[in-house]
Amino acid sequence: EAEVAQSPRYKITEKSQAVAFWCDPISGHATLYWYRQILGQGPELLVQFQDESVVDDSQLPKDRFSAERLKGVDSTLKIQPAELGDSAMYLCASSLAAGGPYEQFFGPGTRLTVL
Amino acid sequence: AQSVTQPDIHITVSEGASLELRCNYSYGATPYLFWYVQSPGQGLQLLLKYFSGDTLVQGIKGFEAEFKRSQSSFNLRKPSVHWSDAAEYFCAVGFTGGGNKLTFGTGTQLKVEL
């Protein structure tokens, strides 16, 4: 069964350092999403891609976060510099398209701890 | 702004007992609705979804949910809970024309007593 892949699964870093997360969506899925999930809360959308284009990054803290999906397949989310408040689970999801409604398939997530 | 409310933060049930998890949403347009389950340290797994049609939907692991437009609700039910159902459950809502974006509730943590 096709799955969304994410790496690393766990990341510990010190504040002010740079971190990067990688996501490989299900093959053929045009839409890719990055979510942040703070402990005890539901996922919150950070950025949504349709192929290689950003369609929504209204909740992405652009002073320190960046995301790219250069060839419209896999994607990287970067934080520079990391802050203590960035400690969270970062989830990647993909769907066939963005027109909706389509099911979003989630990866296992990257647990980030900022010390 | 759209919102999703899961009023129960924690629920404890005995194994074999029935379960109902509540979800209410606030939307102006026609919603589509999901229930996801998350085990500790894992991603989200889809339990069931409602797009249109029959308002009672069946999902995996014996779960079902009923969409009630008049109450803006999409409650999740299971007639007999198993110890392996202990996890966190999230309701999510999108709407037609919304670009497939989802708004999630804050989740309900389910504990199952043996």
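Preceding block: the structure.
A. Spotlight on the overall build of chain B. Check the secondary structure of chain B and you find zero helices and twelve strands. Overall, chain B shows an N-to-C arrangement of helices and strands of β-β-β-β-β-β-β-β-β-β-β-β. Its C-alpha atoms give chain B a radius of gyration of 14 Å, near enough to 13 Å, the size a compact globule of 114 residues would have. Taking the principal axes of the C-alpha coordinates as reference, chain B spans close to 45 × 30 × 20 Å. Across chain B, the fraction of contacts at a sequence separation of at least 24, relative to all contacts at a separation of at least 6, is 55%. Per element, the accessible surface of chain B, about 5,300 Å² overall, is 49% carbon and sulfur. The average position of the 9 basic charges and that of the 9 acidic charges among the side chains of chain B differ by 7 Å.

B. Up close: the interface of chain B and chain A. Taken together, the contact pairs 19 residues of chain B with 24 residues of chain A. Summed over both partners, the interface of chain B with chain A buries about 1,700 Å², with 52% contributed by carbon and sulfur atoms. Its largest share of buried area at the contact with chain A, chain B owes to L44(B), N100(B) and K101(B), together 31% of the area lost on that side. Where chain B packs against chain A, one counts two salt bridges. E103(A) serves as the salt-bridge partner of K49(B), at 3.6 Å between the closest nitrogen and oxygen. Counting across the interface, chain B meets chain A through nine residue pairs in polar contact (both at pLDDT 80 or more). Those elements that provide at least two residues to the side of chain B that touches chain A are β5 (31-38) and β6 (44-50) of chain B. Here the side of chain B that touches chain A is composed, by residue class, of nine nonpolar, eight polar and two charged.

C. Main features of the sheet that holds strand β8 (residues 75-79) of chain A. Residue and element names in this part refer to chain A. The strand order across the open sheet formed by four strands is β1-β3-β8-β7, and the pairing between neighbours is antiparallel. Two strands lie at the open edges of the sheet, namely β1 (5-7) and β7 (65-68), each paired on one side alone. For this sheet, the mean angle separating the axes of adjacent strands, direction not counted, is 15 degrees. Pairing between β1 and strand β3 (residues 19-24): three bridges, direction antiparallel. When the sheet's bridge partners are listed, Q6 is paired in β3 with C23.

D. Representation of the state of the cysteines in the model. Here the structure, examined in full by the defined rule, presents two disulfides over all chains. There is a disulfide in this structure between C23(A) and C92(A), and the S-S distance comes to 1.9 Å. Its S-S torsion of about -70 degrees marks the bond between C23(A) and C92(A) as left-handed, since a negative value means left-handed. One end of the pair, C23(A), is in strand β3; the other, C92(A), is in strand β9 (residues 88-95), with 69 residues separating them in the sequence. Among the residues examined, C23(A) registers a relative accessible area of 0% and is labelled buried. Classification of C92(A) by relative accessible area gives buried; the value is 0%. Put simply, C23(B) and C91(B) are joined by a disulfide, and their sulfur atoms are 2.0 Å apart.

E. Focus on the pattern of salt bridges. All names here are of chain A. Applying the stated criterion across every chain, the model contains nine salt bridges over all chains. A salt bridge links R64 to D86, with the shortest nitrogen-to-oxygen separation between them at 2.6 Å. Residue R64 is located in the loop between β6 (53-56) and β7, and its partner D86 is located in the loop between β8 and β9; the two are separated by 22 residues in the primary sequence. Taken as a pair, R64 and D86 share a single burial class, namely buried. Because the salt bridges share partners, they merge into one network encompassing R64, E83 and D86.

Definitions and cut-offs
Residues numbered from 1 in each chain as written. Chains lettered and ligands numbered in written order. Predicted model: local features only at pLDDT ≥ 70, side-chain atom pairs only at ≥ 80, totals over all residues. Heavy atoms only, no water. Helix = DSSP H or I, 4+ residues; strand = E, 2+ residues; numbered from the N terminus. Rg over C-alpha atoms; globule rule 2.2 N^0.38 Å. Contact = heavy atoms within 4.5 Å. Areas by Shrake-Rupley, 256 points an atom, 1.4 Å probe, with all protein chains shown as cover. Lys, Arg positive; Asp, Glu negative; His and termini not counted. Charge placed at Lys NZ, Arg CZ, Asp CG, Glu CD. Buried area = accessible area lost by both parts, 1.4 Å probe. Salt bridge = Lys/Arg side-chain N within 4 Å of Asp/Glu carboxyl O. Polar contact = N/O pair within 3.5 Å; in protein donor to acceptor, adjacent residues only side chain to side chain. Nonpolar A, V, L, I, M, F, W, Y, C, P; charged D, E, K, R; others polar. Pairing = 2+ DSSP bridges. Axes fitted to C-alpha atoms, helices over the stretch in contact; angles between N-to-C directions. Disulfide = S-S within 2.5 Å. Buried < 20%, exposed > 50% of the residue type's maximum accessible area, 1.4 Å probe, protein only.

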